[in-house]
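As a plain string of letters, each chain reads:
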Amino acid sequence: MSAGLAALLDDVAVLARAAAASVDDVAAGAGRASVKAAGVIVDDAAVTPRYVSGFRPERELPMIRRIAVGSLRNKILLILPAALALSELLPGLLTPILMLGGVYLSYEGAEKLWEWISPHAAHAESVSELGPEDEEALVSGAIRTDFILSAEIMVIALDEVTDEPLLARAVILVFVALAITAVVYGAVALIVKMDDIGVRLAQTGAGPAAAFGHGLVRAMPIVLSVLSKVGIAAMLWVGGHILLVGLHDLGVPVLYDAVHHAEEDVRDAVGGVGAWLTNTAASAVLGLVVGAVVVAVTQLRNRKRRR
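Below or above, wherever it landed, is the structure these notes cover. (Residues numbered from 1 in each chain as written. Predicted model: local features only at pLDDT ≥ 70, side-chain atom pairs only at ≥ 80, totals over all residues. Heavy atoms only, no water.)

In terms of helices and strands, the chain carries nine helices and zero strands. Starting at the N terminus and walking to the C terminus, you meet the elements of the chain as α-α-α-α-α-α-α-α-α. Here the chain holds 307 residues, and the buried ones make up 38% of them. Counting only contacts in the chain whose residues sit at least 6 apart along the sequence, the fraction spanning at least 24 positions is 79%. (Helix = DSSP H or I, 4+ residues; strand = E, 2+ residues; numbered from the N terminus. Buried < 20%, exposed > 50% of the residue type's maximum accessible area, 1.4 Å probe, protein only. Contact = heavy atoms within 4.5 Å.)

With that settled, consider the environment of V238. Residue placement: V238 occurs in helix α7 (residues 208-249). Overall, the relative accessible area of 5% leaves V238 in the buried class. Measuring from C-alpha to C-alpha, the distance between V238 and G102 comes to 7.1 Å, with 136 residues separating the pair along the chain.

Moving on, we get to the packing of α7 against helix α9 (residues 272-306). Angle between the axes and distance between the axes are the two parameters that describe a pair of packed helices. For the pair α7 and α9, interaxial distance at closest approach is 7 Å and the crossing angle is 90°. Considering their axes alone, α7 and α9 lie roughly perpendicular with respect to each other. Listed contacts from α9 to L236, W237, G240, H241, L243 and L244 of α7 are W276, N279, T280, S283, A284, L286, G287, L288 and V290. A class-by-class count of the residues in the contact of α7 with α9 yields nine nonpolar, six polar and no charged. (Axes fitted to C-alpha atoms, helices over the stretch in contact; angles between N-to-C directions. Parallel < 35°, antiparallel > 145°, perpendicular 65-115°, else oblique. Nonpolar A, V, L, I, M, F, W, Y, C, P; charged D, E, K, R; others polar.)

Turning our eyes to something else, we now look at the nonpolar core. If you look at the biggest cluster of nonpolar residues, it comprises 30 residues, and the most contacted ones within it are I64, L84, M154, L158, L173, V176 and Y185. When contributions to this core are tallied by element, the ones reaching two or more residues are α3 (57-89), α5 (132-160) and α6 (166-204). The greatest single-element share of this core, amounting to eleven residues, is contributed by α6. Excluding anything up to four places from it in sequence, L158 contacts A83, L84, S87, L94, R169 and L173. L105, L149, M235 and V238 belong to the second-largest nonpolar core, a separate cluster that totals eight residues. (Core = buried A, V, L, I, M, F, W, Y, C linked by side-chain atoms within 4.5 Å.)

Turning next to the pattern of salt bridges. Counting across every chain of the model gives five salt bridges. Across the salt bridge formed by R66 and E136, the nearest N and O atoms sit 3.0 Å from each other. In this pair, R66 is assigned in helix α3 and E136 in helix α5, connecting sequence segments 70 residues apart. For R66, a relative accessible area of 31% gives the class partly exposed. In the salt-bridge network here, residues are joined through shared partners; they are E263, E264 and R267. (Salt bridge = Lys/Arg side-chain N within 4 Å of Asp/Glu carboxyl O.)

Moving on: the side chain of S87. Structurally, S87 can be placed in helix α3. Looking at S87, its side chain comes within polar contact range of the side chain of R169, at 3.3 Å. (Polar contact = N/O pair within 3.5 Å; in protein donor to acceptor, adjacent residues only side chain to side chain.)

Next up on the list: a nonpolar patch on the surface. Together, L89, L90, L93 and I97 line one region of the surface with nonpolar side chains, adding up to about 400 Å² of accessible area. With respect to the secondary-structure elements, L93 resides in the loop between α3 and α4 (94-117). Classification of L93 as partly exposed rests on a relative accessible area of 38%. (Patch = residues over 30% accessible without salt bridge, like charges linked within 9 Å, V, L, I, M, F, W, Y side chains within 5 Å. Areas by Shrake-Rupley, 256 points an atom, 1.4 Å probe, with all protein chains shown as cover.)

Shown next, in the form of structure tokens:
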């Protein structure tokens, strides 16, 4: 009986070591996937603040919370099961689906750019004109845009851990979804509330603290304006990059090869930063061209409908 107990304990020890090794593998995979998706995290954080611009301060955090919940729902309930199923059953469909997302992002960026440069494309609204209907529309729009960025993040993360077993991949993607959503929307909440923090410091502080508060209040409109423009650029960049890589993966490497050769030439001349800027600029131009075509088609269709 003691021999049987010893054998049982040995089996338990073996299972414990296997479980510990599995946890280590999942943690390492989650770390690799998160680092790989870090480039898109910046884009996601830059895109979101413009959706709460123009609303009363007391509505900003509730809107961000709703967008964050929608983002988490996108990642875990919609994208994760679909990505895992496609990676198991139809891995060839991942690239075309991701490219459709790239077209949508390019369209969103080009449309916002058109509204920015055209005085008749959109009209300015004051805070008092932005009511519950506007909030609902903007939150829905933010969640739709986040869906594309979240899909890009999750697919990048999935691509980094394709060699892991299915269960390990699922656990890694859940971890990535939770961590990235917390980081992105925590940063967004901090960005949009910095002016309120500045007001509080200016009113209750003294000396350097009050001066810092006044500085925050003066700086935040500029910061939000810059972030809004960065968000537009980010959508064009990410959308164009998805299309550039997707065309290469689908056997149309002409644009990708041209950008890659230009990138290598710039790398030899000025270094890695210049090469990255070259790739980024080329991706943004491709996104702008594709987005402008979709915007033009949409505008023509709307005009025909009005007529």
